[in-house]
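Each chain, letter by letter, is given below.
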Amino acid sequence: MRILLTGADGRLGSQLLQSLTARGHTVVGYDAAQMDITEWDAVRAGFNDTRPELVIHCAAMTAVDRCAEDPDRAYLVNGLGTQSIAQACQMTSAALVYISTNEVFDGRASRPYLEYDRPNPINPYGWSKWVGEQAIRDLVPRHIIVRTAWLFAHGGSNFVHAILRAAREGRPLRVVTNEISSPTYTNDLAEAVAQLVDTGRFGIYHLVNEGQTSRYGLARQVLDLAGYRDMPIAPIALAEYPRPSRPPEYAPLRNFAAARLGIRLRPWTEALADFIRAEALEREV
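Analysis parameters
Residues numbered from 1 in each chain as written. Predicted model: local features only at pLDDT ≥ 70, side-chain atom pairs only at ≥ 80, totals over all residues. Heavy atoms only, no water. Salt bridge = Lys/Arg side-chain N within 4 Å of Asp/Glu carboxyl O. Helix = DSSP H or I, 4+ residues; strand = E, 2+ residues; numbered from the N terminus. Buried < 20%, exposed > 50% of the residue type's maximum accessible area, 1.4 Å probe, protein only. Axes fitted to C-alpha atoms, helices over the stretch in contact; angles between N-to-C directions. Parallel < 35°, antiparallel > 145°, perpendicular 65-115°, else oblique. Left-handed = near helix turned anticlockwise from the far one by under 90°. Contact = heavy atoms within 4.5 Å. Nonpolar A, V, L, I, M, F, W, Y, C, P; charged D, E, K, R; others polar.

Chemist: What exactly am I supposed to notice about the pattern of salt bridges here?
Modeler: Opposite charge on two side chains lets them pair, provided their charged atoms get close. A full pass over the atoms with the stated rule returns 15 salt bridges. Between aspartate 274 and arginine 266 there is a salt bridge, with its nearest N and O atoms 2.5 Å apart. Here the salt bridges do not stand alone but share partners, grouping Asp188, Arg266, Asp274 and Arg277 into one network.

As structure tokens, this is what we get:
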């Protein structure tokens, strides 16, 4: 299959490029410099050059706090930029896979969110991604919306890396106990998305490593796996950690729909252990 991939220079995009190519697909990747999704002429030119059968749309403004500081930009990139991708798919009859987020939910649930629970975003990032979801559902009949959460990837800058840096530098840690979700290894997510593409089954899917934990629980597991078992963490509440964006407190996702197709991601603790081992090996090289 001929696939156009946006955000190909990102951590998930680069991993998807590997997973899809390994499965025999022809993948043409675009980074932000090659295709500015906020400019219609750039989107149209990319589609004209590639003539894709399928588009995987990873390009996004993912810095959650920055989205809160500049909500208009978040709306432009994540909402209207995605609308442009969807319109181009509509015009060319290409199918579309969209990477979305658990932050489309408000975090007030009493159980992990299922694929067709009603979104109710409470911050600009979540709202802008929800705008993108709606544009796709309105414009592209053959679509897959993949929601995921709390990604950690090699070579990136994420929560797991921040905890590891603090440990190496001996800095004290204060971590939130009442923000809960599903930590997800980008390598596992990319392979699951590639499997899903090959099924040809459209719809909404939640793809996360199995299980849930708090930010505190994730930090503790990172330290224990990385050899910092004696390093203390001061538990705090969300209210004690002021930041521009308000995250949903309880927003783990449940993979129900993809599991019915045989697509499951391993427990997050196993994925994190492999991630930590790979990071350690990379430092030794």
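More follows now that the structure is in view.
Chemist: What am I meant to see in unusual backbone geometry here?
Modeler: For residues besides glycine, phi is generally negative; the peptide bonds are generally trans as well. With a phi angle near 65°, serine 93 is a residue other than glycine that sits in the positive phi range. Positionally, serine 93 belongs in the loop between helix H4 (71-92) and strand E4 (95-101). Residues other than glycine seldom take positive phi values, yet tryptophan 150 does so here, at roughly 45°. As for its position among the elements, tryptophan 150 is in the loop between strand E5 (143-148) and strand E6 (151-152). Residue tryptophan 150 is classed as buried on the basis of its relative accessible area of 12%.

Chemist: When you look at the packing of H4 against helix H5 (residues 124-139) in this model, what are you seeing that I'm missing?
Modeler: Any two packed helices are characterised by the angle at which their axes cross and by the distance between the axes. It is at 8 Å that the axes of H4 and H5 come closest, and there the two elements cross at 15°. Of the possible angle classes, the one that applies to H4 and H5 is roughly parallel. The chirality of how H4 crosses H5 is right-handed. Facing H4, whose interface residues are Pro71, Ala74, Tyr75, Asn78, Gly79, Thr82, Gln83, Ala86, Gln87 and Gln90, H5 presents Pro124, Tyr125, Trp127, Ser128, Lys129, Val131, Gly132, Ala135, Ile136 and Leu139. Residues that form the contact of H4 with H5 fall into these classes: 11 nonpolar, 8 polar and 1 charged.

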